[in-house]
Amino acid sequence: MPGSAGPDLIYRLLRKRFGFLNWWPGETRDEILIGAILTQQTSWRNVEKAISSLRDANALSVKAISSMRVGVLEKLIRSSGFYRQKARRLKKLCSHIISEYGSLGRFLSMDMDRLRSELLAMDGIGQETADAIALYAAGKPSFVIDAYTIRAMERISGNGKRFGYGDLQKYFMERLPLDVELYKDMHAQFVELGKRYCLKTKPLCNECPLAGICAYGKG
Ligand code: SF4
């Protein structure tokens, strides 16, 4: 794990450059949960079109999707890519929530560990999606790790080590206060870093706010 460059310092430097971000597109908890499934393996622009179609059809809710035919759902979310697979996943998740808990509110009110394990037990929901739902829809302090975070942290560390999801999540959660707003913002900061500077092939280290503490950037 990165030596002197702890999460505090990383966050301070990113925040100074990007300001407070704390985003997740979505006006309601239903929309956040649905968006978290739709965004798998695609860009947010494609998700927006699917969200819009669901909204126009008055179907942007867990309850509506739970009672919708999969074929109809497929048509509405077609723009999100892998739409057949996503329609099945979404339908299964929404039906489970309504049949077992009666409402999304009750489902999300479970304690964090139970919520996370229920989500992970569902078809096609991995750790990143489960944590995004727990953090942004349920407001639980579950740190989200994504490809941007892993790439940046491996470069900052520079020891040639590869980080797994669980190790990196533990690293952040052991060193940061259990603060939902901080976790939301920090995830957003890593996404911004990955999109603007820590690019996959040619990172723009000269302009990066982390250049001074990053082994790759200094190298
Ligand atoms: S200095 Fe370069 S490698 Fe390090 S985080 Fe910034 S862009 Fe990525």
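Residues numbered from 1 in each chain as written. Predicted model: local features only at pLDDT ≥ 70, side-chain atom pairs only at ≥ 80, totals over all residues. Heavy atoms only, no water.

Student: Please clarify how the packing of helix α2 (residues 29–38) against helix α3 (residues 44–56) should be interpreted in this entry.
Tutor: A packed helix pair is summarised by two numbers, namely the angle formed by the two axes and the spacing between the axes. Interhelical geometry of α2 versus α3 gives an angle of 135° and a closest axis separation of 10 Å. In terms of orientation, α2 and α3 fall into the oblique class. As for the relative orientation of α2 and α3, their crossing is right-handed in sense. Mapping the contact onto sequence places E31, I34, G35 and L38 in α2 and W44, V47, A50, I51, L54 and R55 in α3. When grouped by side-chain class, the residues that make up the contact of α2 with α3 number seven nonpolar, one polar and two charged. (Axes fitted to C-alpha atoms, helices over the stretch in contact; angles between N-to-C directions. Helix = DSSP H or I, 4+ residues; strand = E, 2+ residues; numbered from the N terminus. Parallel < 35°, antiparallel > 145°, perpendicular 65-115°, else oblique. Left-handed = near helix turned anticlockwise from the far one by under 90°. Contact = heavy atoms within 4.5 Å. Nonpolar A, V, L, I, M, F, W, Y, C, P; charged D, E, K, R; others polar.)

Student: I tried to follow the domain arrangement of the protein chain on my own but got confused; where do I start?
Tutor: Interfaces are often described in size by the accessible area the parts lose on coming together. Once the domains are mapped, the protein chain shows domain 1 (7–22 + 144–218) and domain 2 (29–137). Counting residues at the interface gives 11 residues for domain 1 and eight residues for domain 2. The contact between domain 1 and domain 2 buries some 790 Å² in all, and 65% of this surface belongs to carbon and sulfur atoms. A per-residue breakdown of the area domain 1 buries against domain 2 is headed by V144, Y165 and K184, which together make up 57% of the total. On the surface where domain 1 and domain 2 come into contact, there are zero salt bridges. Run the count over domain 1 and domain 2 and you get four residue pairs in polar contact (both at pLDDT 80 or more). Only α11 (165–175) and α12 (180–196) provide two or more residues apiece to the side of domain 1 that touches domain 2. The biggest single contributor to the side of domain 1 that touches domain 2 is α12, with five residues. Tallied by class, the residues present in the side of domain 1 that touches domain 2 amount to seven nonpolar, two polar and two charged. (Domains from an automatic or database assignment. Buried area = accessible area lost by both parts, 1.4 Å probe. Salt bridge = Lys/Arg side-chain N within 4 Å of Asp/Glu carboxyl O. Polar contact = N/O pair within 3.5 Å; in protein donor to acceptor, adjacent residues only side chain to side chain.)

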